[in-house]
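# Topology and contacts: notes
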Amino acid sequence: MDMLCTLRSATETQLQALRKAPKQLEAFLEDEEDFGDAKGAAFLELDIGEAWHGLQFLLTGTAWEGTPPLDFLVRGGEDVGDIPSDEGTARVFDAAGVKALAEALKKVSEDTLRQRFDPARLQAEDIYPGTWEEEEPAEDVDPLEELLSYFVELRKFTAAVAKRGHSLLVHIG
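Residue numbers run consecutively from 1 along every chain, following the written order of its sequence. Only residues with pLDDT of at least 70 are given local features in this predicted model, and only at 80 or more are side-chain atom pairs given and counted; all residues enter the totals for whole chains, interfaces and linings. Note that the side-chain values use all heavy atoms of the structure and ignore hydrogens as well as water.

## Considering the pairing of strand S1 (residues 5–10)
Between buried and exposed lies partly exposed: a residue is buried under 20% and exposed over 50% of the maximum accessible area for its type, with that area taken using a 1.4 Å probe on protein chains only. In this text, helices come from DSSP runs of H or I with a minimum length of four residues, and strands from runs of E with a minimum of two, each type numbered from the N-terminal end. Across the 6 residues of S1, 6 count as buried, placing the element largely inside the fold. Of the two faces of S1, the one carrying Cys5, Leu7 and Ser9 and the one carrying Thr6, Arg8 and Ala10 are both buried. In this sheet, strand S2 (residues 45–49) lies alongside S1 in antiparallel orientation, the contact comprising 4 bridges. Note that in S2 the partner of Thr6 across the bridge is Asp47. Think of it this way: DSSP has to see at least two bridges between two strands before they count as a pair. Note that S1 and strand S5 (residues 167–172) share 6 bridges and pair antiparallel. When the bridges of S5 are listed, Leu7 appears paired with Val170.

## Considering the sheet that holds strand S4 (residues 89–93)
Sheet strands pair by backbone hydrogen bonding; their relative direction is either parallel or antiparallel. Taken in spatial order, the 5 strands of this open sheet run S2-S1-S5-S4-S3, and their pairing is antiparallel. The sheet terminates laterally at S2 and strand S3 (78–79), the two strands that pair on one side only. Residue contacts are defined here by distance: any two heavy atoms, one from each residue, within 4.5 Å place the two residues in contact. Structural elements are reduced to axes, namely lines fitted to C-alpha atoms, with helices fitted over the stretch in contact, and the angle between N-to-C directions of any two is expressed from 0 to 180 degrees. Here helix H5 (residues 95–106) sits on the sheet and contacts S4 and S5; the angle it forms with S5, its principal contact strand, is near 80 degrees. Packing of helix H8 (residues 143–164) onto the sheet brings it into contact with S1, S2 and S5, and relative to S2 it is tilted by some 155 degrees.

## Here we look at the nonpolar core
Most often, soluble globular proteins keep nonpolar side chains buried together rather than apart. Only buried residues count toward a nonpolar core, which is a set of Ala, Val, Leu, Ile, Met, Phe, Trp, Tyr and Cys residues joined through side-chain atoms within 4.5 Å. The biggest cluster of nonpolar side chains holds 39 residues, and the ones touching the most others in it are Leu7 and Phe72. Taken together, the elements giving at least two residues each to this core come down to S1, S2, helix H4 (52–60), H5, H8 and S5. Looking at this core element by element, the count peaks at 7 residues for H8. Residues in contact with Leu7, not counting those within four places in the same chain, are Leu44, Glu45, Leu46, Ile48, Phe72, Leu73, Leu154, Phe157, Leu168, Leu169 and Val170. One finds Leu29, Val80, Val92 and Leu169 within the second-largest nonpolar core, a separate group that totals 12 residues.

## Regarding the pattern of salt bridges
Salt bridge, as applied in this entry: a Lys or Arg side-chain nitrogen positioned within 4 Å of an Asp or Glu carboxyl oxygen. Evaluation of the coordinates by the stated rule reveals 10 salt bridges. Of the charged contacts in the structure, one is a salt bridge between Asp31 and Arg8, with a shortest N-O distance of 3.9 Å. With a gap of 23 residues between them, Asp31 in the loop between helix H2 (25–29) and helix H3 (38–41) and Arg8 in strand S1 connect regions that are remote in the sequence. Close ionic contact of Asp82 with Lys23 constitutes a salt bridge, the shortest N to O distance being 2.7 Å. Placement of the pair is Asp82 in the loop between S3 and S4 and Lys23 in the loop between helix H1 (12–20) and H2, with a sequence separation of 59 residues. Salt bridges sharing partners connect three or more residues here, namely Glu12, Arg19 and Glu78.

Following this line, the structure appears as structure tokens:
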């Protein structure tokens, strides 16, 4: 099963509704439920696919640890939704947490991320998807450049969510 990551903005109204109706998470993620919140209907979303774990490693230097807020892809926030643990996670970060995250990401340089990229270590640490040392990357994609591209988009996305004063939902599944 692929473990893909989607990030989505959520208003306070939507967050409260998800807490009360966790079984609605899937409908919310699939844009079938906005909980009657007109502001939330104009949500922001970023799909980082399988890059989530590589980004976690580049941001923190670890597979599953790190210092908040840069460890947000795998830790922190508040569990939300009704997802069996073997099928993924959904966590939400409040507006203050998103603002702190956006500020922290702004301070991360691409040079720092480039220095942390070590395919052998990514493979040894079992960083998903586990294809870091392939001699011929799929579709002639440079894994480092792909991660850096996602990082740039992630930084823009979190800044936009923070500017709106919204919460952030991180779903891996």
